[in-house]
Amino acid sequence: MTPEAPIGGRRRRLYRKSVCDNGFVAARRTSFGRDTGLQARMLGTMFLLGLVYAVLIAVLFAAGAGGVLLIVIGGGLFLVQLFASDKIALRTMGAREVSAQEEPLLHATIERLCLQADLPKPRIAVVDTRMPNAFAIGRSQKTATVCATTGILALLEPAELEGVMAHELTHVINRDVVIMTVASFFAAIASMIVQFGFFFGGGFGGGGNDDEGNDILVVIAVSAAVYAVSFVLMQSLSRYREFAADRGAAVITGRPSALAAALVKISGSMGRVPQQDLRAASSEMAAFYIVPPAAKRAVHNLFSTHPPLEARLAALSRLETQLQSGR
Amino acid sequence: MSLRDALTGRHKVKGPAPDRLFALSTAYVALETEHQVTACGVAGIVFQPLATSDFESIVSDMEAVVKATASDLGASIETHDDSFGYRWMVIRDPSLEDLVVAVNGVSSALVGGGYGERVLCAVFAFQGPRDPKIYFIYNYKRGSWYPFVPTAGGASAGQRSVERELQIKAQVGRELPVEPELERWFPLWGIPF
């Protein structure tokens, strides 16, 4: 709330404060409360990821096996991933940037959301497939691209489409592409070591120098463990980011139930539509979709990038309750 | 957005920025005398109507107040819901000054009810010697203005004259806080006036 808020407004707020002085008063300034639990779980996951990577680095240095080279190669890969991944992803998806003349409704919907969320306008692209889905990529607000499939444009009502687009814009606001790229970086390195390690490690092991052979075996073992653990942690981080994006969408649009309706519609029709193209394109992209392409009967467990539909609907319905009760 | 907000995925919708709405009254003097741009006597304010009981009561209270003052001044007020789910309160009054005051009254009522973050923008209609419609749009989140000029007959086709908008920016830039980033000059199609 701005300091310039009119006196009438201030008086009204003070009145509310005295009526419901239960510690949640600060949150009443917006239409929704905070989800502290979600943020705590997310930070906890990030902390654990960091810890795992610290162990990896420590072992790498202890082994002294080409540390500098590794960092140079890894750094290069990281930069490529960070700066070129959006273009590569858009190309593999067959996404085509569309002008306001081609997709006036999509453009107008996103423009209004940008006004509301105080964002610069992202690039808008469309993938020509019947599979209803949407995703956002780009490492910053200025370079972001929001992409929808022709299937989702045909399937959803305007209010539902607005909810989905607000979800994608929240990914942009939260910088989820950068965060997931950073989080996946060491996992990629670890898997690289495992692959090359088996390759070279076998040769070293037979070379007679037991010490070096053992070192390399240790590095491989640790790398494999790092990869396994960080994979699970990353998937759970991705699920938390999804919850945060659902929440952000509800806050931006003020209509949690519209997004819930969209999710039900999308996942319902996902099973009916043949799903070769999107899923075949790239499984790494799955984390950025609004609903994962393989969600038809997927077992939702430690290894899925998205929370189960029921959990997302429950979270949205809690938001709707908060909104309705004015807490 | 800070690093901490990005990491925790926390996102709050901004409320209105410090108010620069009244700058239009000052800028209008120059617009009218130097550039022959005149007000059409109509303005609108756009907000997201929330489907909650207290929101509806705040809006109807506010509507009653604005209507009462409006009829005193010989003005009229009407509401539209557009196809994107936003609500427009359209105020007609021959005096630009009164329009600005009325629009400010609407946004203050929403801010006072705790729904300030639902207010999107205010739109004021003008016409120039060669332009049938020039809109000045006030972005509440940023407290900044920008011109929006749909080309003649282009409003339905989604055509705007960016050249004309940039000329207007140069003409009023000194009196009006104009949005510096061009990618935030969002068009509004289907303005109901």
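The structure we're discussing is the one just above.
Keep in mind the model is a prediction, meaning the values are calculated, not measured.

J.: Explain the overall build of chain B to me, using residue names and the numbers behind them.
T.: Looking only at helices and strands, one finds five helices and six strands in chain B. Ordered by position in the sequence, the α and β elements of chain B form the string α-α-β-α-β-β-α-β-β-β-α. Against the compact-globule benchmark of 16 Å for 193 residues, chain B has a radius of gyration of 17 Å, which places it among compact chains. With respect to the three principal axes, the spread of C-alpha positions in chain B is 50 × 45 × 30 Å.

J.: Break down the sheet that holds strand β1 (residues 38–47) of chain B for me, with residues and values.
T.: Residue and element names in this part refer to chain B. In spatial order, the strands read β2-β3-β1-β4-β5-β6; together these six strands make up an open sheet with antiparallel pairing. Across the chains shown, the open sheet's two edge strands, defined by having one partner strand only, are β2 (76–81) and β6 (144–148). Strand-to-strand twist in this sheet, taken as the mean axis angle between neighbours without regard to direction, amounts to 20°. Its contacts with the sheet put helix α4 (residues 96–112) on β1, β3 (87–92) and β4 (119–127), and the angle it makes with β1 is roughly 5°.

J.: Explain the pairing of strand β4 (residues 145–149) of chain A to me, using residue names and the numbers behind them.
T.: Residue and element names in this part refer to chain A. Of all five residues making up β4, five are buried, and the element is well covered by its neighbours. Burial along β4 is two-sided: T145, C147 and T149 facing one way and V146 and A148 facing the other are all buried. The sheet contact formed by strand β3 (residues 134–137) and β4 spans four bridges and is antiparallel. In the sheet register, I137 faces β4, and the bridge partner there is T145.

J.: Outline the nonpolar core, supporting the account with residue identities and numerical values.
T.: Ranked by size, the top nonpolar core spans 132 residues in total, and within it C147 and L169 of chain A together with V123 and I137 of chain B carry the most contacts. Of all the elements, helix α8 (residues 210–253) of chain A adds the most residues to this core, at 16 residues. Non-local contacts of V123 of chain B, meaning those with residues more than four positions away in its chain, are made with A43, G44, V46, Y135, I137, L188 and I191 of chain B.

J.: I'd like a rundown of the environment of T26 of chain B, residues and numbers included.
T.: Residues and elements named next belong to chain B. Within the element layout of this structure, T26 appears in helix α2 (residues 23–35). With 13 C-beta atoms counted inside 10 Å, the residue T26 sits in the partly exposed group. Here the alpha-carbon distance between T26 and E97, two residues 71 residues apart in the chain, equals 9.6 Å.

Definitions and limits used
- Residues numbered from 1 in each chain as written.
- Chains lettered and ligands numbered in written order.
- Predicted model: local features only at pLDDT ≥ 70, side-chain atom pairs only at ≥ 80, totals over all residues.
- Helix = DSSP H or I, 4+ residues; strand = E, 2+ residues; numbered from the N terminus.
- Rg over C-alpha atoms; globule rule 2.2 N^0.38 Å.
- Pairing = 2+ DSSP bridges.
- Axes fitted to C-alpha atoms, helices over the stretch in contact; angles between N-to-C directions.
- Contact = placed C-beta atoms within 7 Å.
- Buried ≥ 20, exposed ≤ 12 C-beta atoms within 10 Å, placed from the backbone.
- Core = buried A, V, L, I, M, F, W, Y, C linked by C-beta atoms within 7 Å.

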